[in-house]
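# Architecture at a glance
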Amino acid sequence: MKSLILAKAAQFLKPLLLVFSILVLLRGHNDPGGGFVGGLVAAAGFALQAIAAGTPAARRSLRAGPHQLVTAGLLAAGSSGLVGVFRGEPFLSAQWAGPLSTVLLFDIGVYLVVIGTVLLVVFELMEHNP
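Structural notes, computed from the coordinates. (Residues numbered from 1 in each chain as written. Predicted model: local features only at pLDDT ≥ 70, side-chain atom pairs only at ≥ 80, totals over all residues. Heavy atoms only, no water.)

Along its length, the protein carries 5 helices and 2 strands. The order of helices and strands in the protein, counted from the N terminus, is α-α-α-α-β-β-α. The C-alpha extent of the protein, read off along each of the three principal axes, is 60 × 25 × 20 Å. Scored against the burial criterion, the 130 residues of the protein give a buried share of 37%. Looking at the protein alone, contacts between residues at least 24 apart form 68% of all its contacts between residues at least 6 apart. Placing the 8 positive and 5 negative side-chain charges of the protein at their respective mean positions leaves the two points 15 Å apart. (Helix = DSSP H or I, 4+ residues; strand = E, 2+ residues; numbered from the N terminus. Buried < 20%, exposed > 50% of the residue type's maximum accessible area, 1.4 Å probe, protein only. Contact = heavy atoms within 4.5 Å. Lys, Arg positive; Asp, Glu negative; His and termini not counted. Charge placed at Lys NZ, Arg CZ, Asp CG, Glu CD.)

The next thing to look at is helix 4 (residues 66-86). Across its 21 residues, helix 4 extends 30 Å between first and last C-alpha, which sits within 8% of the 30 Å expected from 1.5 Å per residue. Here the buried face of helix 4 lies against helix 3 (55-62) and helix 5 (102-127). One or two positions beyond helix 4, positive phi appears at glycine 88, with a value near 80°. (Expected span 1.5 Å × (residues − 1).)

Bringing the nonpolar core into the picture now. By size, the foremost hydrophobic cluster in this structure holds 13 residues, and its most contacted members are Leu62, Leu69, Tyr111, Ile115, Leu119 and Phe123. Contributing elements (two or more residues each) for this core: helix 2 (35-53), helix 3 and helix 5. The biggest single contributor to this core is helix 5, with 5 residues. With sequence-adjacent residues up to four places away left out, tyrosine 111 is seen in contact with Ser21, Ile22, Leu25, Gly35, Gly38, Gly39 and Ala42. (Core = buried A, V, L, I, M, F, W, Y, C linked by side-chain atoms within 4.5 Å.)

Attention now goes to unusual backbone geometry. Unlike most non-glycine residues, arginine 63 shows phi in positive territory, near 70°. By secondary structure assignment, the location of arginine 63 is in the loop between helix 3 and helix 4. Its relative accessible area of 79% is what places arginine 63 among the exposed residues. You will see that leucine 92, though not glycine, has its phi angle at about 65°, which is positive. Owing to a relative accessible area of 46%, leucine 92 belongs among the partly exposed residues under this scheme.

For glutamine 95, the location among the structural elements is in the loop between helix 4 and strand 1 (96-97). Given a relative accessible area of 10%, glutamine 95 falls into the buried group. Within the structure, glutamine 95 has its side chain in polar contact with the side chain of serine 93 (distance 3.2 Å). Dropping the residues within four chain positions of it, glutamine 95 is found in contact with Val83, Gly84, Arg87, Glu89, Leu100, Ser101 and Thr102. (Polar contact = N/O pair within 3.5 Å; in protein donor to acceptor, adjacent residues only side chain to side chain.)

Further remarks concern the side chain of threonine 55. Residue placement: threonine 55 occurs in helix 3. Residues contacting threonine 55, with those up to four places away along its chain left out, are Ala50, Phe123, Met126 and Glu127.

Turning our attention to helix 3. When we look at burial in helix 3, the residues that qualify are Thr55, Ala57, Ala58 and Leu62. Relative to the axis of helix 3, the buried residues are bounded by an arc of 160° and lie together on one face. In the stretch just after helix 3, arginine 63 is the one whose phi turns positive, near 70°. (Arc of directions from axis to C-beta.)

Below, the structure written as structure tokens:
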């Protein structure tokens with residue numbers, strides 16, 4: 001069942017949810033938030049679009065498959081730990097280069113893994129549920 005009201009609301013809410021998810025991601029080292037919560041908010045935006053317009057439209061707007069997001073996230077989180085190893089520090093020790101840090105890279109990795117995992121489940125359930 002398609003709802004015009006839900007479709008219009010999703011068009012308005014999805015960009016707001018994505019912007020809010022980036023805000024939650026970036027404030028995560030100092031305040032509540034971070035990659036996990038930000039990823040859940042972003043996934044909620046795409047899930048809302050999938051409910052309103054169907055999974056094909058949500059997959060098109062995602063631009064990368066959920067598997068690719070999970071892979072990129074795991075690579076980002078894993079590589080954040082290797083930076084310390086290359087500098088003679090323990091694995092996953094925080095390293096800073098100006099305003100950038102391995103903590104932020106790890107949070108971005110978690111963000112991508114959470115988005116990919118949640119959307120993988122949501123898309124599969126929506127596509128295989130009559």
